[in-house]
Amino acid sequence: MDIGMEDVGVAVCQELWNKVTLKAMELCGETRDMVLEKGFFQEFSRSISELRVLLQALNVEKVEAAMNTRLTKTALETLDCLLKTACNIIKDYKSRSFLSGLFQQQSVISQMKSLAEEIAKTISSWQLVNLNIAVNLKSKTEQLINSLSSLEFHSAVATESLASEIQKFMNENGRNRINAMKLLKKIGDTVGVSSNASMVQNELMLLKQEKEEMEAQKKQAEAFELSQLMQFLYSTELVMSPRDEEIAAYHKQYPTESFKCPLSREMMGDPVAIICGHSFERKAIEEHFRRGEKTCPICRERLTSMELTQNLSLRSSIEEWKQRDMDLKFQSALPGITSDDQSIQNRAMEVLQVLMERPCYAQRVAEEGLIPNFVEMLKNNQLNRIAALKCLSYLAKYCDNHKEAVIEAGAVRCIVRQFYKGEAEPAAVAVLLELSAREDLAEKIGNVRDCIPVLVSLLNYSNLDVSQKARKVLENLSYNTHFVVKMAEAGHFQQFVACFNQGPQETRVSMAAALIQMELKGNSIRDLEDKTFIHNLVLMLSSSSPACISAGLKFITKLVAFPRMVKRLLADPATVPPLLGLISIVKTDLHWKQEAAAILALLVEGHQPTEHQMYQGLQELQSQHNINLFLKLIVSSDSKTKIQILHLLVALGNKFDMARDLIRTDNEGISYLFLSLEGDEPLVKLLAMKLIYCISEGHPAGVPLPPSPVKETAINSLAYILTYSVNVEERSAAAGIISQLPNDDIVIDEILCKSEVLKAIRGVICNLDEESFGSRGMDNSGTSLLENALAALLRYTEPDKPELYRQVGKLELYPSLVRILSRGSSLAKQRTATALAHLSRSISSSISDSTGKQALPLQNVLKFFSSVSCCGSGMAECVNMCSVHGDACSSRDTFCLVKADALKPLVQNLSEKESGVAEAALMAIETLLTDHSTLPCAIAAIEESQGVVAILQVLEKGDLPAKSRALDLFLKMQEHTRMNGQLADRAERILVQLLQDDDLRKKAALVLKQMGILPEQSSYF
C-alpha cells in the first residue's frame, strides 16, 4: 500500500514537473517578441529558458528524494503559479495599445522583477546542491538563481522621455496637429511600425476597448487617461474624430440633396410644391413660370395649374436639419479654438464666425470662456485674425454680460496696435462700436493709449465702412469732455464743437483752455467755423468770470490766425462790441486790453478790402468815436497796451480811407505820434512811423505835420532816424515819410538840404545795390528800405528844386540807379525810372538852353569819327562823346541817359508786367525827345536799343496808362523814322486793334495817319 502511494506521489510530481516545464517554454515564447524594452525582456526570457533546460535535465525522483513528496509538490505548484502569473502579465501587456503600453511599462517591469525574485527563491528551496547530479548542472542552477535574483529592469531613457512628452501634450490639452504628428512618428519608431492612419485606427480600437473595461471596473482615473490618449491620436487628424463622424453620419442619414432645389441647386429656404407634387424653391419655380414654361422641370408633366403650395413638412425638415447641422459643427469647432495647431484653430474660427452670427452660439462661446483665446489669436499673424475679429464683434454685440471680459482680455489694445500698422478691418472697428455703446466700457476704451488718435485717423480711411464706424465710435466716446479734447488734439473738432455748444460755462472754459495748447491746422479747423460755436465763444467775452474772459480771448487769438475764422468772427455782430468794451473800460485788466486790441488788429488785417461793407463790426471800428478813443489810449496807456493799439490803428489805416482821414484830422493824436519819434521805446517809435506813413501815402496833402516848432523837430527826427538808426524797419519808415512830405514847403526843403538825408539815401541805394548783386540777395526789409529810399530821392530830383537837384549830381548815384533797373523789385524799378526821368528832363532843358555848346547831330559825329586817326588822344575824346548830346553832357555833374548806359535797361523794363514800371520807363525814354535839335540822334539811339520792338510790345500787352504814353512816344518817333517789312506790318496790326479802344482810338489814328495808313479825312479824327 505504501509503495502504491509513493508511486502515486511521484506520478503527481512528475505531472507538475512537466506542467512547469511547458509553462516555462510558453513564458519564453511570450517574452521573446516583446516590442517595448526588448533588451530587458530578452534577458528575462533567457533566464526562464535556462530554467526550462534545467527542469528537463533534472529527474523529479531525485528532487523528491532530496525534499520529500509534499515539499516537492508545493514547490512545483508555487513555481507553476509564478510562471502562469508572469505569462498572464506579459499577455495582458502585449494585448494593450502601444500608447497604453508606454504608460504601463513601469508597472509591468516592477511586477516582473518581483516574480523573478520569487522564482529564484522557489528554485533555491529545492536544495539541488545536495543532489547527486553533474557538477555543470549544479553550476547552472546557481547561475540561474543568481540571475533571477539580481535581474534589474530599467526602462530606456528614450522611452521614458517619449512617455513624458505625450503626458505633457495631454496635460496642456494639446490639439496641435504638427506636434501630435511628431510624437506619433517617435512612437512608431520606438515600436517599429509605420505611423499612418492604419496604426492610429488600430490604436484607437484598442484604447476604446481598454477604456470600456476601465469604466466597467469603475476605474475612472484610468479611463480618463485613456480618453486623453485617444484625443491625442485624433489630433493627428489621420482619422475622423467622433464629432466629425457624427456629422458625416448625420449627413448620410439626411442627404442634403433632397433639400436642394432641383432648379437652383441651392438649399431651399421657402420650399413650395406644384400640382404634380414636386417641390422647388419659390423664387426659382416662379422664374421658371415667368419664362413661359408650363411643364414640371422634373417629370415634364404639363401643368394644369401654376398654383404653388407651401411645403411645410419639407421646410420643417430643412430647418431641423440646419439646426442639427449647426449644433454638430459648433460642438466640433469648439475644441479647435484651444488647439495648439494653427490650421485647426483657423478652421474652427472659420466655422464659428458663421455660426456666431446667431446670438445663441455667441452666448455659448462666451460661456465656454473662449474670449481670451480669440484675443490671443489677434496677436498671431499666422492665424485668421479677421475671423477672430468677427467672432469678437459678435461676442460684443450679443453678449452684454461678457462685454467687459472682451476689454479685460486686451482686445482693445490689440485692435489699436493693428490700426497703427495700417490693418483697419471693419470687424475690428465693429468690436469697438459695440463695446462703446455702454458708457462704462466707453470709458475704458477711451483711456486705452492712442485709441482716440487712431480712430480719428480712420475718419479718412479708404474703406467707407471703416470710416463710418470709426465716426460712430467717436460719437459714443463724446460724452466725456476729456475724450472730446483728445479728438480735437488729433485734428477732429466735430465732437468738440458739439460738446462746447451744449456744455455749461465751466465746460467751455476748460475746453477753450485745452484748445489753446493745441496746434491747429487749416485743413482740420473747418468744424470750428460753426456759427453757433463762434457765437458761444464770443459770448465768453461778456462773462462776469475772469477765467472765462481770459480763456475766450486766448481762444479767439488762436483762431484769428486762419482767414476763414476771421470771416466767421466778423460775420457775427456780437464779436467786435465786447472787444471794444474790454479796450475802453478803464478798470479792465491790462492783458485783456492788449489781447482785445491784438484780436481786432488781426480781424482788420485778415479781411479782404472788398468785404468791409459786409461786416457791421468793421464799420463800428472806424467810427470817429472809436478812432479818437484809440488815439487817446496811445497817449495814456502803458507801453505794451500802446503797442497793441498802434498795431490796430496801422491795420485800420492800411485798410480804410475813412480811418485814415479821421486819424489825420486828430491834431492831438498826430502831435503825439511825432513826439513818439524822440522816445526811447523802439517798437512804439516804429509803429508810430508806420502809422504816419500809412495815413500819408497817396494823400494829396502828404504828411499831416504838426504846427511849428513841433514840425521842425519832427522832420529833424526823421532825418536823424534815416541817417543813424541801425534798425532797417525804422529807416524804411522814415524814408517813406520823407517821401510823402509836402512838396510846397520851403522850410522842409531847407531842413532836408542842410541835413544828411541825401547822403543817407545814397548809402542805402549803394549798399543795398551791392547786396542785391551778392550771393544772398536782399530780404523783405532791405527791399522795403530801398524802395522807400528811392521814393525819398524823388523829392531831390524834382526839376523845380534846383538846390536839392544839384546835390544829387555830386553823389555819383547814377551807376547804382542804372543797376537797380535790372535787379530791383518792380516798385524799385518804377521809382528809379521816375527819378531818372526827372534827372534826364532837367539835363535836356539845360542842354537845349545852353549857348556855349552845340549838340552834334549823329551824322556829324559819324563824319567826325571817320576823319580822325584811330589812335591818339583826339580819338579817345571823340569816342567818349554822347551819341545824342555830343559833348554837351560831358560835365561830371550832368546826367544823361545815354552816357549813363540807362537807355537799354529802360527799354528792357518796358516788358515788365507790374503796373507803373513800363509807364515810368517810357516817361524816362521820352525825355530824350524833348530837344528837337537832337531828336534824330535820340530816335536812332532808341532804335539801336530795340526800343521800337519794346514799345510795340507795350502797345500790345501793356495797361492803359502805359499804352497811352507809348502812343505819344511812338508818334514822336514816327515823324523822324520809317519802319519797313515785318516790323511795319506788326505795328499796323497792333495800331488797328487799338482803334477799338475808346480811350486810345484818337492817338492810334494819328500814328496810323503819320504812317500813311489812314487818310486825313478819316472818321477817327
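In this report, we go over the structure that sits alongside the text. Computed from a predicted model, the values in this text were never measured in an experiment.

What to know about the overall build of the chain
So, step 1. Scanning the chain from N- to C-terminus turns up 54 helices and three strands.
So, step 2. Looking at the chain residue by residue over its 1021 residues, the buried ones come to 49%.
So, step 3. Summarising the internal contacts of the chain: among those between residues at least 6 apart in sequence, 69% fall at separations of at least 24.
So, step 4. Accessible surface for the chain amounts to roughly 49000 Å². Of this, 49% is attributable to carbon and sulfur atoms.

Topic: the nonpolar core
So, step 1. With 183 residues, the main nonpolar core has F496, L528, F630 and L793 as its most contacted residues.
So, step 2. Those residues in contact with L793 that lie beyond four places of it in its chain are L758, I761, I765, V808, L813, L817 and A835.
So, step 3. Grouped together as the second largest cluster of nonpolar side chains are 64 residues, I337, A411, V412 and L458 included.

Brief notes about the packing of helix α34 (residues 639-655) against helix α35 (residues 657-664)
So, step 1. It is at 5 Å that the axes of α34 and α35 come closest, and there the two elements cross at 120°. When the axes of α34 and α35 are compared, the pair comes out oblique. You can see that α34 and α35 cross each other, and the crossing is left-handed. Contact residues: L649, L652, G653, N654 and K655 in α34; D657, A659, R660 and I663 in α35.
So, step 2. Looking at side-chain class alone, the contact of α34 with α35 contains four nonpolar, two polar and three charged residues.

Considering the sheet that holds strand β1 (residues 271-273)
So, step 1. Read from one edge to the other, the open sheet built from three strands follows the order β2-β1-β3, with strand pairing classed as antiparallel. Across the chains shown, the open sheet's two edge strands, defined by having one partner strand only, are β2 (279-281) and β3 (309-310).
So, step 2. In this sheet, β3 lies alongside β1 in antiparallel orientation, the contact comprising two bridges. Residue A273 lies in a different strand from β3, and its bridge partner there is T309.
So, step 3. Against the sheet, helix α12 (residues 282-290) engages β1, β2 and β3, with an angle of about 95° to β2.

A short note on the side chain of R831
So, step 1. On the secondary structure map, R831 appears in helix α45 (residues 826-849).
So, step 2. Despite its burial, R831 pairs with no opposite charge; the closest candidate is E697, at 4.5 Å N-O.
So, step 3. Those residues in contact with R831 that lie beyond four places of it in its chain are Y693, E697, E787, N788, L790, A791 and L794.

Scoring rules and cut-offs
- Residues numbered from 1 in each chain as written.
- Predicted model: local features only at pLDDT ≥ 70, side-chain atom pairs only at ≥ 80, totals over all residues.
- Heavy atoms only, no water.
- Helix = DSSP H or I, 4+ residues; strand = E, 2+ residues; numbered from the N terminus.
- Buried < 20%, exposed > 50% of the residue type's maximum accessible area, 1.4 Å probe, protein only.
- Contact = heavy atoms within 4.5 Å.
- Areas by Shrake-Rupley, 256 points an atom, 1.4 Å probe, with all protein chains shown as cover.
- Core = buried A, V, L, I, M, F, W, Y, C linked by side-chain atoms within 4.5 Å.
- Axes fitted to C-alpha atoms, helices over the stretch in contact; angles between N-to-C directions.
- Parallel < 35°, antiparallel > 145°, perpendicular 65-115°, else oblique.
- Left-handed = near helix turned anticlockwise from the far one by under 90°.
- Nonpolar A, V, L, I, M, F, W, Y, C, P; charged D, E, K, R; others polar.
- Pairing = 2+ DSSP bridges.
- Lys, Arg positive; Asp, Glu negative; His and termini not counted.
- Salt bridge = Lys/Arg side-chain N within 4 Å of Asp/Glu carboxyl O.

The quantities given are spatial measurements derived from coordinates; they are silent on function.
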